[in-house]
2 protein chains.
Amino acid sequence: MTSLPKQVRLVEVSPRDGLQNEKRPVAIEDRLRLIDDLGAAGLRYIEAGSFVSPQWVPQMAGSDELFARLSRRPGITYAALTPNMRGFEAALAAGIEEVAVFAAASESFSQKNINCSIAESLDRFAPVIEAAGQHGIRVRGYVSCVLGCPYEGEIRPQQVMPVARDLYQAGCYEVSLGDTIGVGTAGTTRRLFETVAREVPRAQLAGHFHDTYGQALANIYASLLEDIAVFDSSVAGLGGCPYASGASGNVASEDVLYLLDGLGVETGIDLDRLIQAGVRICNVLGRDNGSRVARARLASSTPACS
Amino acid sequence: MTSLPKQVRLVEVSPRDGLQNEKRPVAIEDRLRLIDDLGAAGLRYIEAGSFVSPQWVPQMAGSDELFARLSRRPGITYAALTPNMRGFEAALAAGIEEVAVFAAASESFSQKNINCSIAESLDRFAPVIEAAGQHGIRVRGYVSCVLGCPYEGEIRPQQVMPVARDLYQAGCYEVSLGDTIGVGTAGTTRRLFETVAREVPRAQLAGHFHDTYGQALANIYASLLEDIAVFDSSVAGLGGCPYASGASGNVASEDVLYLLDGLGVETGIDLDRLIQAGVRICNVLGRDNGSRVARARLASSTPACS
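(A) Local environment of the overall build of chain A. Within chain A one finds 12 helices and 10 strands. Computed over its C-alpha atoms, the radius of gyration of chain A comes to 18 Å, within 12% of the 19 Å expected for a compact globule of 306 residues. Projecting the C-alpha coordinates of chain A onto the three principal axes gives extents of approximately 60 × 45 × 35 Å. A burial count over chain A gives 61% of its 306 residues as buried. When contacts within chain A are restricted to residue pairs at least 6 apart in sequence, long-range pairs at least 24 apart make up 73% of them. Accessible area of chain A: about 11,300 Å², with a carbon and sulfur share of 47%. Of the side chains in chain A, 28 bear a positive and 35 a negative charge, and the two mean positions are spaced by 3 Å.

(B) Geometry of empty space enclosed by the protein. All names here are of chain A. With the rule as written, the count across this model stands at 2 cavities of 30 Å³ or more. As a volume, the largest cavity reaches approximately 40 Å³. Lining the largest cavity are Phe102, Ala103, Ala104, Phe109, Ser110, Asn113, Ile114, Ser121 and Ser144. Elements supplying a minimum of two residues to the lining of the largest cavity: β4 (98-104) and α5 (107-114).

(C) A look at unusual backbone geometry. Residues and elements named next belong to chain A. Unlike most non-glycine residues, Cys145 shows phi in positive territory, near 60°. Locating Cys145 in the fold gives a position in the loop between β5 (138-144) and α7 (157-170). Of note in this structure, Ala236 is not a glycine but carries a positive phi near 60°. Mapping Ala236 onto the fold places it in the loop between β8 (230-233) and β9 (244-245).

(D) Inspection of the packing of helix α9 (residues 216-225) of chain B against helix α10 (residues 253-263) of chain B at higher detail. All names here are of chain B. At a closest axis distance of 10 Å, the pairing of α9 and α10 adopts a crossing angle of 40°. Here α10 runs oblique to α9, going by the angle between their axes. Between α9 and α10 lies a crossing whose hand is right-handed. Contacts from Leu217, Ile220, Tyr221 and Leu224 in α9 reach Asp255, Val256, Leu259, Leu260 and Leu263 in α10. Along the lines of polarity and charge, the residues of the contact of α9 with α10 split into 8 nonpolar, no polar and 1 charged.

(E) Representation of the side chain of Ser253(B). Residues and elements named next belong to chain B. For Ser253, the position within the fold is in helix α10. Polar side-chain contacts of Ser253 include one of 3.0 Å to the backbone nitrogen of Ser234. In this structure Ser253 touches Leu10, Glu12, Ser233, Ser234, Val235 and Leu274, once residues within four positions along its chain are discounted.

(F) Seen up close, helix α2 (residues 28-41) of chain B. All names here are of chain B. The terminal C-alpha atoms of α2, which comprises 14 residues, lie 20 Å apart, in line with the 20 Å expected from a rise of 1.5 Å per residue. For α2, every residue scored as buried is listed here: Ile28, Arg31, Leu32, Leu34, Ile35, Asp37, Leu38, Gly39 and Ala41. Those residues of α2 that are buried lie in contact with β1 (9-12), α1 (14-20), β2 (45-50), α3 (63-69), β3 (77-81) and α11 (271-285). Phi turns positive one or two residues past the end of α2, at Gly42, with a value near 110°.

(G) Representation of the packing of aromatic side chains. One pass over the full model with this rule turns up 9 aromatic pairs over all chains. Between Tyr213(A) and Tyr258(B), the ring centres sit 4.8 Å apart and the planes meet at 20°, which makes this aromatic pair stacked. One end of the pair, Tyr213(A), is in the loop between β7 (205-209) and α9 (216-225); the other, Tyr258(B), is in helix α10, on a second chain. An identical accessibility class is assigned to Tyr213(A) and Tyr258(B); each is buried. The interplanar angle of 75° and the centroid separation of 6.3 Å between the aromatic rings of Tyr221(A) and Tyr221(B) together place this pair among those described as edge-to-face. Of the two residues, Tyr221(A) sits in helix α9 while Tyr221(B) sits in helix α9, which places them in two different chains. Owing to a relative accessible area of 1%, Tyr221(A) belongs among the buried residues under this scheme. Stacked on the ring of Tyr151(A), the Lys or Arg Lys112(A) has its end atom at 4.8 Å from the ring centre. Above the face of the Tyr45(A) ring, Arg140(A) is positioned so that its terminal group lies 5.8 Å from the ring centre.

(H) Just the pattern of salt bridges, in detail. All names here are of chain A. The full count for this structure, using the stated rule, is 32 salt bridges over all chains. Salt-bridge contacts for Glu226 lead to Arg202; the nearest nitrogen and oxygen are separated by 3.1 Å. Note that Glu226 is positioned in the loop between α9 and β8 and Arg202 in the loop between α8 (186-196) and β7, a separation of 24 residues in sequence. For Glu226, a relative accessible area of 10% gives the class buried.

(I) Inspection of a negative patch on the surface at higher detail. All names here are of chain A. Negative charge collects at one region of the surface, where Glu107, Glu120, Asp123 and Glu152 lie side by side. One can find Glu152 in the loop between β5 and α7. For Glu152, a relative accessible area of 34% corresponds to the partly exposed category.

(J) Up close: helix α4 (residues 85-93) of chain B. All names here are of chain B. Where α4 is concerned, the buried positions are Gly87, Phe88 and Ala91. Taken end-on, α4 shows its buried residues confined to a sector of 100°, consistent with a single buried face. Turned more than 90 degrees off the buried face of α4, the exposed positions are Arg86 and Ala93. Of the surrounding secondary structure, the elements contacted by the buried residues of α4 are β4 (98-104) and α6 (118-134). Following α4 by one or two positions, Gly95 adopts a phi angle in the positive range, close to 80°.

(K) Structural context of the packing of helix α2 (residues 28-41) of chain A against helix α11 (residues 271-285) of chain A. Residue and element names in this part refer to chain A. Packing of α2 against α11 leaves a shortest axis separation of 8 Å and a crossing angle of 170°. By the angle between their axes, α2 is roughly antiparallel relative to α11. In the crossing of α2 with α11, the sense of the turn from one axis to the other is left-handed. Across the interface between the two elements, Asp30, Arg33, Leu34, Asp37, Leu38, Ala40 and Ala41 from α2 touch Arg273, Leu274, Ala277, Arg280, Ile281 and Val284 from α11. The class makeup of the residues in the contact of α2 with α11 is 8 nonpolar, no polar and 5 charged.

Criteria and thresholds
- Residues numbered from 1 in each chain as written.
- Chains lettered and ligands numbered in written order.
- Predicted model: local features only at pLDDT ≥ 70, side-chain atom pairs only at ≥ 80, totals over all residues.
- Heavy atoms only, no water.
- Helix = DSSP H or I, 4+ residues; strand = E, 2+ residues; numbered from the N terminus.
- Rg over C-alpha atoms; globule rule 2.2 N^0.38 Å.
- Buried < 20%, exposed > 50% of the residue type's maximum accessible area, 1.4 Å probe, protein only.
- Contact = heavy atoms within 4.5 Å.
- Areas by Shrake-Rupley, 256 points an atom, 1.4 Å probe, with all protein chains shown as cover.
- Lys, Arg positive; Asp, Glu negative; His and termini not counted.
- Charge placed at Lys NZ, Arg CZ, Asp CG, Glu CD.
- 1 Å grid on protein atoms, 1.4 Å probe; cavity = no way out; pocket = protein on both sides within 12 Å on 5 of 7 lines; lining within 4 Å.
- Points joined across faces, edges and corners; volume = space filled by probe spheres on them.
- Axes fitted to C-alpha atoms, helices over the stretch in contact; angles between N-to-C directions.
- Parallel < 35°, antiparallel > 145°, perpendicular 65-115°, else oblique.
- Left-handed = near helix turned anticlockwise from the far one by under 90°.
- Nonpolar A, V, L, I, M, F, W, Y, C, P; charged D, E, K, R; others polar.
- Polar contact = N/O pair within 3.5 Å; in protein donor to acceptor, adjacent residues only side chain to side chain.
- Expected span 1.5 Å × (residues − 1).
- Phe/Tyr/Trp six-rings, centres within 6.5 Å; stacked < 30°, edge-to-face > 60°.
- Lys NZ or Arg CZ within 6 Å of the ring centre and 35° of its normal.
- Salt bridge = Lys/Arg side-chain N within 4 Å of Asp/Glu carboxyl O.
- Patch = residues over 30% accessible without salt bridge, like charges linked within 9 Å, V, L, I, M, F, W, Y side chains within 5 Å.
- Arc of directions from axis to C-beta.

Take a look at the structure:
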């Protein structure tokens, strides 16, 4: 049988990537409760907020207050997105220990999303990464649209590789490859990691899969076969796809955990507590739970003739 | 890179397994329209009905009339479930060319579902299979609960193997292994096929996955890696899980096809037409579409900042 990683780290993005893409802004108390529930479930990396202008991303307003009030559990990294130096300085003032920056594999997406080219975006992050290094703050890099772009269509692995390499060489300790519109499948996923791994060690790569086309878990399994051992996910699948309203987005952490548990891969995460965290935040948001595992567990068990 | 089957056959079960498990019975005209839409999409095997007592399964009432009125497209097999000799004789009278029988890997499930042991159920099907053979009618075998049972919990591959073997040796040309409650994961799926394939050739095995825990596509990809090339699925994911109301059931054909297309595996099926078939039947049923691919395609595309 094939060999798989013995351990996998899950990077929980619901408090940032998840809530950022939900329609209803959430009170800081509920954001803090979510973060605490996630820590109680055993997650060790939680993307807790984002230092961006509240005009652009109102759901992330108050991230400075959130970090000030955060009850930090030992052994957990609470990270924040910092798209520019101003955001980084705010994060620094808030006592952040880890930040994240992002670039796109698609020029069109870069222009439409942050109004600059890929090269310009990397130039913009260079001082952030350097300043972070000077303060002993780790930086995680994200690449968007690694398997497809809403504007350009297909994205080749050769377009992703230089961006991932540049982020890594600039000082990001890990680069998360994001299938932003969820169009990737198991084969293209494997070819992507195989290609990018020529420039960035597999141990420094992560997969960020969206389940818009239902492919996320198959893509994660394919990634495990490529020896990738870090995956981003969002409890209850929070965070719809920003490019197609009504379509699903982030892969649900519970569903990923169920797969990993079934494969015998260690994560240190408790599925029941994770489900509880998701149920609670879905109640706050007034939305359906996007995790199939959660829904299956919650559904009434009524034995019946098949 | 790993080798995958070059072609895969999809066995479409929505008109039987799908509709049977929907709450609202559907008029024969709409069942016929669904079957025709599926054929137009390129499906070559359609489980169109079931010859069982209408008292047990009211949604399948009128299967004899349905087959009489069916516009058969050339090259397509229209099959029906025949749980006993009485059902088989009705199917024969209706001009069926292929039938299906089923047994369980779990004794408890067999007892609770059809009021007899596994061995008794096989004895019950033996005359059906023999009579079918005498009439030149092919028989497909199903095994339920191959990766878990709602009553017994875990099911070992060693429990599945003898049942699959018995069906095969009795004369079933193909045996479909069904994860009835959707609890299987990629590793247990691969071990299952590896074990059963010691007794039944891989070319005669199929996978019938439920997506109750979101694992179906990962399980299908895992099965492809085990050289399995036949999968059962249901357009729009029709047919909820009969054991947990509200949980999902059959894997959506559109989502499976998207995976296979992405992998470059030939199926002869047109995704757009398949989506149309699913949309139409969901409108008739007044239910949400269970296919993520269909929902993604139907969702409005609104580029927005991420």
